[in-house]
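Close look at the chain arrangement
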Amino acid sequence: MMDQRPTTSETIPTISALAAQSPTMREMLEPQGNASSKINDKRIRRLYLQATSQQWFAPTRIHFDEGSVNLEQMDPEKKRILIKFNRIFYTLEKMGLTTIQFMMPKAVNKLKSQEAELYLSCQGFDEARHVFTIEAYLRKLGAPPVYDRKLHKFSQIASGGPYRVENWLFSTLFSENFASTFLRLYKAAEPDPIGVEMCRQLLVDESRHLHFLHNVLPDILDRLSIFGRTYVKASQYFIMKLTESISRTLTEEGAYVGIDRRTLLEEAFENVERAYEKFGVTRDFLWFPNIKTQH
Ligand SMILES: [Fe+2]
Ligand SMILES: [Fe+2]
């Protein structure tokens, strides 16, 4: 049977191939001249173009039909845990989607960059696709998605306070790293073919989201006052502490499906630490919570 899947990667050239094509194309890659922008508009425009060229259509990109058999035959306890984890993941992605819609105009205004507006619109669209995809996966697992209100405090800590734009962007660095690490471990645990494909697709988007943050955060950190830095640092600590304590209750269930909680937290924290180091702050700029083993 012929595969009906669209082959967008074959029809859309890479950004560098586009640049090499002609002066017209090179011109198109250039951002609008904007002296008041607080970020590197050239890089963000490229990222916007990359984001638009990497869009994918979930119903055909993921083999939802073909993976059904494995889900029907799955051990019920394993299925129960996968549903629980995916409901948490669904809540976090949905929260991320709502927060980006709300924070985007504030961030664009603060960064004074049209390129950030183009790019963040795409990122919002990516998050909408993630919510849709996890919802579809949960339905295949036999459970409708449920928004877990208990987790809502994450978004309050992450986008509130006097430095809300900065706070949101730095919090996103943690949440994107946490999501990426979770997806990598979930994929490596090979729960079922649909889950593996979903993780693979989502990881491409999440790594682009991290790329954006790695581009804008050093400039934001440079401009932040001592008080602003302390505020961001405290807020990051509370988010990581909350993650550490909530995840503690999921240790055994994680082990049952092959996801080690300690590895998840250690990898996520390490990636955040490495990012801050690249931004030019010392290793002890951030406070990290201890990873406890007891409930
Ligand atoms: Fe996402
Ligand atoms: Fe994301």
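Residues numbered from 1 in each chain as written. Chains lettered and ligands numbered in written order. Predicted model: local features only at pLDDT ≥ 70, side-chain atom pairs only at ≥ 80, totals over all residues.

Some points on the overall build of the chain
Counting its regular elements, the chain contains 14 helices and zero strands. When the elements of the chain are put in sequence order from the N terminus, they spell out α-α-α-α-α-α-α-α-α-α-α-α-α-α. The proportion of buried residues among the 295 residues of the chain is 33%. A sequence separation of at least 24 residues applies to 81% of the contacts in the chain between residues at least 6 apart. (Helix = DSSP H or I, 4+ residues; strand = E, 2+ residues; numbered from the N terminus. Buried ≥ 20, exposed ≤ 12 C-beta atoms within 10 Å, placed from the backbone. Contact = placed C-beta atoms within 7 Å.)

Focus: the environment of F279
Counting through the fold element by element, F279 comes out in the segment after α14 (261-278). Take F279: there are 17 C-beta atoms within 10 Å of it, and that puts it in the partly exposed class. Distance from F279 to L217, taken between C-alpha atoms, is 7.4 Å for residues 62 residues apart in sequence. Once residues lying within four places of it in the same chain are set aside, the contact partners of F279 are L217, P218 and L221.

Thoughts on helix α8 (residues 114-140)
Over its 27 residues, α8 runs 40 Å from end to end, which matches the ideal 39 Å to within 8%, given 1.5 Å per residue. Backbone geometry just downstream of α8 places G142 in the positive-phi region, at approximately 90°. (Expected span 1.5 Å × (residues − 1).)

Focus: the confidence of the model for the chain
Interpretation of this model should avoid reading the predicted coordinates in detail wherever pLDDT is low. Mean pLDDT for the chain: 90, with 95% of residues reaching 70 or above. Within the chain, the lowest mean pLDDT, 56, falls on helix α1 (residues 8-11), and the highest, 97, falls on α8. (pLDDT = per-residue confidence, 0-100.)

Considerations on helix α4 (residues 41-53)
Here α4 contains 13 residues, and its C-alpha end-to-end distance of 18 Å stays within 8% of the 18 Å for a straight helix at 1.5 Å per residue. When we look at burial in α4, the residues that qualify are D41, I44, R45, R46, L47, Y48 and A51.

A word on the nonpolar core
Core analysis: the largest hydrophobic core is formed by 59 residues, its most contacted members being A107, A116, Y119, L169, F182 and V272. Contributing elements (two or more residues each) for this core: α4, α7 (76-111), α8, α9 (153-158), α10 (164-188), α11 (193-223), α12 (226-248) and α14. (Core = buried A, V, L, I, M, F, W, Y, C linked by C-beta atoms within 7 Å.)

Some remarks on the packing of α4 against α11
Axis separation between α4 and α11 bottoms out at 10 Å; the angle between their running directions is 175°. One finds that α4 runs roughly antiparallel with respect to α11. For the pair α4 and α11, contact is made by R43, I44, L47, Q50 and A51 and by R208, H211, F212 and N215, respectively. For the contact of α4 with α11, the residue count by class is four nonpolar, three polar and two charged. (Axes fitted to C-alpha atoms, helices over the stretch in contact; angles between N-to-C directions. Parallel < 35°, antiparallel > 145°, perpendicular 65-115°, else oblique. Nonpolar A, V, L, I, M, F, W, Y, C, P; charged D, E, K, R; others polar.)

A short note on the environment of V272
Looking at the secondary structure, you find V272 in helix α14. Each C-alpha atom, one on V272 and one on E30, is 31 Å from the other, the two residues being 242 residues apart in sequence.

Observations regarding the packing of α10 against α11
α11 packs onto α10 with a crossing angle of 150° between their chain directions and a minimal axis gap of 9 Å. Between α10 and α11, the interaxial angle falls into the category roughly antiparallel. Every pair of crossing elements has a handedness; the one defined by α10 and α11 is left-handed. (Left-handed = near helix turned anticlockwise from the far one by under 90°.)

What to know about the environment of K153
Here K153 lies in helix α9. Assessed through the 12 C-beta atoms surrounding it within 10 Å, K153 is described here as exposed. In sequence terms K153 and L242 are 89 residues apart; their C-alpha atoms lie 9.2 Å from each other.

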